[in-house]
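Observations on the model geometry
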Amino acid sequence: MISKTRLFGRPVFRSVNTALRILVGCGIIVWGSSANATESGTSVYLLGTGGPGAAIMPPLEGIFVDNTSYLYDGSAGGSRDFILGGNVASGLEASAFINITSALWVPSTSFAGGTLALGMAVPVGGPSIDASAVISGPRGNQVGVSAEDSTFTLGDPLLLAALGWKSGKWHFQASTMVNIPVGDYDYGELANISFNRWASDFSLATSWHDPESGWDISAKAGVTFNGTNKKTDYDSGTEFHLEGAIEKTLSPHFSLGVIGYHFEQLSGDSGDGAALGSFRGRVTALGGTAATHFKVGPIPMALRLKVLEEFNVKNRMKGTVGLISLAFPISVKMPPGRTPLSKRQDKRGGQCNVSWNSSST
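Basis of the calculations
- Residues numbered from 1 in each chain as written.
- Predicted model: local features only at pLDDT ≥ 70, side-chain atom pairs only at ≥ 80, totals over all residues.
- Heavy atoms only, no water.
- Helix = DSSP H or I, 4+ residues; strand = E, 2+ residues; numbered from the N terminus.
- Buried < 20%, exposed > 50% of the residue type's maximum accessible area, 1.4 Å probe, protein only.
- Contact = heavy atoms within 4.5 Å.
- Areas by Shrake-Rupley, 256 points an atom, 1.4 Å probe, with all protein chains shown as cover.
- Patch = residues over 30% accessible without salt bridge, like charges linked within 9 Å, V, L, I, M, F, W, Y side chains within 5 Å.
- Salt bridge = Lys/Arg side-chain N within 4 Å of Asp/Glu carboxyl O.
- Pairing = 2+ DSSP bridges.
- Phe/Tyr/Trp six-rings, centres within 6.5 Å; stacked < 30°, edge-to-face > 60°.
- pLDDT = per-residue confidence, 0-100.
- Polar contact = N/O pair within 3.5 Å; in protein donor to acceptor, adjacent residues only side chain to side chain.

Side note on the overall build of the protein
Each helix and strand counted, the protein has 0 helices and 18 strands in total. Across the 361 residues of the protein, 53% fall into the buried class. Excluding contacts between residues fewer than 6 apart, the proportion of contacts in the protein whose partners are at least 24 apart in sequence is 67%. Total accessible area on the protein stands at roughly 14400 Å², and carbon and sulfur atoms take up 62% of it.

Points about the side chain of Ser200
Here Ser200 shows up in strand 10 (residues 199-210). Apart from residues no more than four positions distant in its own chain, Ser200 is found in contact with Met177, Val178, Val223, Thr224 and Phe225.

Section: a nonpolar patch on the surface
A surface patch of nonpolar side chains, amounting to about 460 Å² of accessible area, comprises Phe294, Val296, Leu303, Leu305, Val307 and Ile324. Mapped onto the elements of the fold, Phe294 is located in strand 16 (residues 282-296). Judged by relative accessible area, Phe294 falls into the partly exposed class, the value being 31%.

Re the pairing of strand 3 (residues 61-75)
Pairing analysis gives 15 bridges linking strand 3 to strand 18 (residues 318-333), with the strands arranged antiparallel. Across the sheet, residue Asn67 finds its bridge partner in strand 18, namely Leu326.

What about the packing of aromatic side chains?
Counted by the stated rule, this structure contains 3 aromatic pairs. With 5.8 Å between their ring centres and 85° between their planes, Phe82 and Phe279 make a pair best called edge-to-face. Linking Phe82 in strand 4 (residues 81-84) with Phe279 in the loop between strand 15 (254-265) and strand 16, this pair joins segments that are 197 residues apart in sequence. Phe279 shares its class with Phe82; the two are buried.

Some words on the pairing of strand 11 (residues 215-226)
The alternating pattern of strand 11 places Asp216, Ser218, Lys220, Gly222, Thr224 and Asn226 on a buried face and Trp215, Ile217, Ala219, Ala221, Val223 and Phe225 on a face that is not buried. The turn joining strand 10 and strand 11, which pair antiparallel and follow one another in sequence, is formed by 4 residues; a positive phi near 90° is taken by Gly214. Pairing analysis gives 10 bridges linking strand 11 to strand 14 (residues 239-251), with the strands arranged antiparallel. Each bridged residue has a counterpart across the sheet, and for Ala221 the counterpart in strand 14 is Leu242.

Brief notes about unusual backbone geometry
Non-glycine residue Asn196 carries a positive phi angle of around 55°. Within the secondary structure, Asn196 sits in the loop between strand 9 (170-179) and strand 10. Even without glycine at this site, Asn312 takes up a positive phi of about 55°. Relative to the assigned elements, Asn312 resides in strand 17 (residues 299-314). The class for Asn312 is partly exposed, based on a relative accessible area of 36%.

Remarks on the environment of Thr38
Here Thr38 lies in the loop between strand 2 (10-14) and strand 3. Considering only alpha carbons, one finds Thr38 and Ser236, 198 residues apart in sequence, at a separation of 4.9 Å. Not counting residues up to four positions away in its chain, the partners in contact with Thr38 are Arg197, Asn226, Tyr234, Ser236, Gly237, Glu239, Gln265 and Asp269.

A few points about the confidence of the model for the protein
Overall, the prediction assigns the protein a mean pLDDT of 83, with 81% of residues at 70 or greater. A low-confidence stretch, residues 9-31 stays under pLDDT 50, and its non-local contacts, those more than four residues away or across chains, total 103 contacts. Across residues 344-361 the pLDDT falls below 50, and counting only partners more than four positions away or on other chains, this stretch makes 69 contacts in the model.

Some details on the pattern of salt bridges
In total, this model carries 4 salt bridges according to the counting rule given. A salt bridge links Glu310 to Arg316; the shortest N-O distance between them is 2.3 Å. Given a relative accessible area of 4%, Arg316 falls into the buried group.

A look at the environment of Asn196
For Asn196, a relative accessible area of 16% translates into the label buried. Residues Asn196 and Gly155, spaced 41 residues apart in sequence, show a C-alpha to C-alpha distance of 9.4 Å. If sequence neighbours within four positions are ignored, Asn196 has contacts with Asp156, Pro181, Tyr185, Thr228, Asn229, Lys230 and Lys231. Polar contacts involving the side chain of Asn196 include one to the side chain of Asn229, which spans 2.6 Å.

Section: the environment of Ala199
Position of Ala199 relative to the elements: it lies in strand 10. Spatially, the C-alpha atoms of Ala199 and Val178 are 5.8 Å apart, while their sequence positions differ by 21 residues.

Shown next as structure tokens:
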């Protein structure tokens, strides 16, 4: 067995008995989910982030922060090959922990009749991968020899933008994000958090949110366009994602719901590095979510947990997804004559919600 762990781009070789697993969670996922079969089986859009209140925007101008910890644990049978860092590997078992910090600036709540938000997200973490065989590539000719690789480093930052509108109980949102390939990427390694490719996602979301009854029904759909990884000459195909959620507020501070997503790759992979052909992927997942609202001093907080189980998979790993998100404002602009947020309450007696659903971008 060959074991390798890298911290912030510096390789440290270890023996089998002292191999260190530094990550918990997802099979070959980086900033995105392992849900598709583009290069490394990863996607820029993080499946599972769309959920309750997917189209709801921050109600006030200001700066908002969301911190999401993404965990995944999955595996693929020995008959299924994947391309990782230019290597063709099989018999994969993988886990990862990725922490994504997003900052969102809302400069206007009356832009084009709606609320405008601009921001950036930065992921830190990475996958830990076991391969029963590395068939070809920079680390190839290891058939019958298992290999391990882990990394914990800085991924590609993303630019975010969203524009949302509200009409009665209905919320609508159009959003986009752009992946900037400047994160830590090591060609020839099995584990990477960076995509090393430009990519952009365009999504539409809607939410029916009734504060009186406590029900929220939300849906979000989008398309991701991928560029070329120039180090591996791999052109990842175009992807489609669909997410839905139904949630019920059970008390002023607690809500519970069901969530799900479906991913389908619309076009195949290509390029000299696409040794497995078009390799189109597909996955569906169902699960549950719970959220609570509370205050730390005068600052309102929104904490949410999501857990989903994947099925209906093709050309990808199958596993369990977990997300823990904490959202809060760090600066808000109160309209003239409005009561400070720390003293306001909603009609059900709960703290005024100044956080936004982090899945909205």
